[in-house]
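Now for the letters of each chain:
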Amino acid sequence: MLLEIRNLTKSFHGQQVLKGIDLSVSAGDAAVILGPSGAGKTTLLRCMNFLETADGGEITFDGKTRPIHEMSKREIREYRMHTAFVFQSFNLFLNKNALANVTEGLTVVRKTDAKTAKRLGMEALDRVGLADHADKYPHQLSGGQQQRVAIARALATNPEIIFFDEPTSALDPELTGEVLSVMRSLANDGMTMLIVTHEIEFARTVSNRIVFMEDGEIVETGETKRVFTHPQKERTAAFLKINTEPKEEET
Ligand SMILES: Nc1ncnc2c1ncn2[C@@H]1O[C@H](COP(=O)(O)OP(=O)(O)O)[C@@H](O)[C@H]1O
Ligand SMILES: [Mg+2]
């Protein structure tokens, strides 16, 4: 087990949005979290990367189990050296070119020397197919390219797990393919990923595990093929049915 959380809880203004989540991720997993809007998917991912502090629960990483609340800033910083997060909205620095965005976490947080950072940054950009766009600024790149830069930024620090929160939701439909294809190749390379997405076909064909959430709880989790062919819960079946039915053509 690479990462495990137990009984993770989180409330906002007295409303409990995570009601005791248990979830484990193994090395090499490409796990997809599915669920309706408001289920708590983003909050879960943000808590797992300490962008948000959970109210309670335990986390096991690197063989060490810690109550989230007892973790010091230093422990959290150490944990986050091994994780990366890809946001729906890319979160790139608009005044830095692609390479500088990718190397930021190396030079600033990890104090990697400039030459090594540049080499790792170029390798990461190459991996997302953007080596020849290293000098471009975000406004000179398409949304799909900007998200690929954000993925390169995640890769550059050689994380043990990457969290993705709806990485294609902000993109025009014709640009989602290039991002999904980069993610597909990462999954094929064995990168451990926990992905929130509404791209059902991507989930079905790329992930090895599905986690279905609703109303702050995990309703069902299991091997992808099993969940798609034999969902055990009514709610999962209904969600998959609605989301895989052919949509009416938009004109
Ligand atoms: N920062 C916040 N402050 C207050 N309420 C929040 C905040 N973030 C999320 N929520 C609430 O928590 C619930 C779960 O939200 P979220 O995790 O974004 O769900 P999902 O990503 O599945 O759509 C929603 O009811 C949402 O309004
Ligand atoms: Mg969300």
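Residues numbered from 1 in each chain as written. Chains lettered and ligands numbered in written order. Predicted model: local features only at pLDDT ≥ 70, side-chain atom pairs only at ≥ 80, totals over all residues. Heavy atoms only, no water.

Lay out the sheet that holds strand β3 (residues 30-34) in plain terms, naming residues and giving numbers.
With mixed pairing, the 6 strands of this open sheet are ordered in space as β6-β7-β8-β3-β9-β10. Each having just a single partner strand, β6 (83-86) and β10 (217-223) make up the two edges of the open sheet. Within this sheet the neighbouring strands show an average axis-to-axis angle of 15°, counted without direction. Pairing of strand β7 (residues 161-165) with strand β8 (residues 193-196) involves 4 bridges; the strand directions are parallel. (Pairing = 2+ DSSP bridges. Helix = DSSP H or I, 4+ residues; strand = E, 2+ residues; numbered from the N terminus. Axes fitted to C-alpha atoms, helices over the stretch in contact; angles between N-to-C directions.)

Describe the nonpolar core, and please don't skip the residues or the numbers.
Leu34, Leu125, Ile151 and Phe164 are the most contacted members of the largest nonpolar core, which has 49 residues in total. Among all residues touching Leu125, those that are not within four sequence positions of it are Ala98, Leu99, Val102, Leu130, Ala131, Ala134, Val149 and Ala152. Listed in part, the 30 residues of the second largest apolar core include Leu8, Met48, Phe85 and Phe163. (Core = buried A, V, L, I, M, F, W, Y, C linked by side-chain atoms within 4.5 Å. Buried < 20%, exposed > 50% of the residue type's maximum accessible area, 1.4 Å probe, protein only. Contact = heavy atoms within 4.5 Å.)

How would you explain the environment of Arg74 if you had to name every residue and give the values?
Residue placement: Arg74 occurs in helix α2 (residues 73-80). Counting along the chain gives 172 residues from Arg74 to Pro246, while the straight-line C-alpha distance between them is 49 Å.

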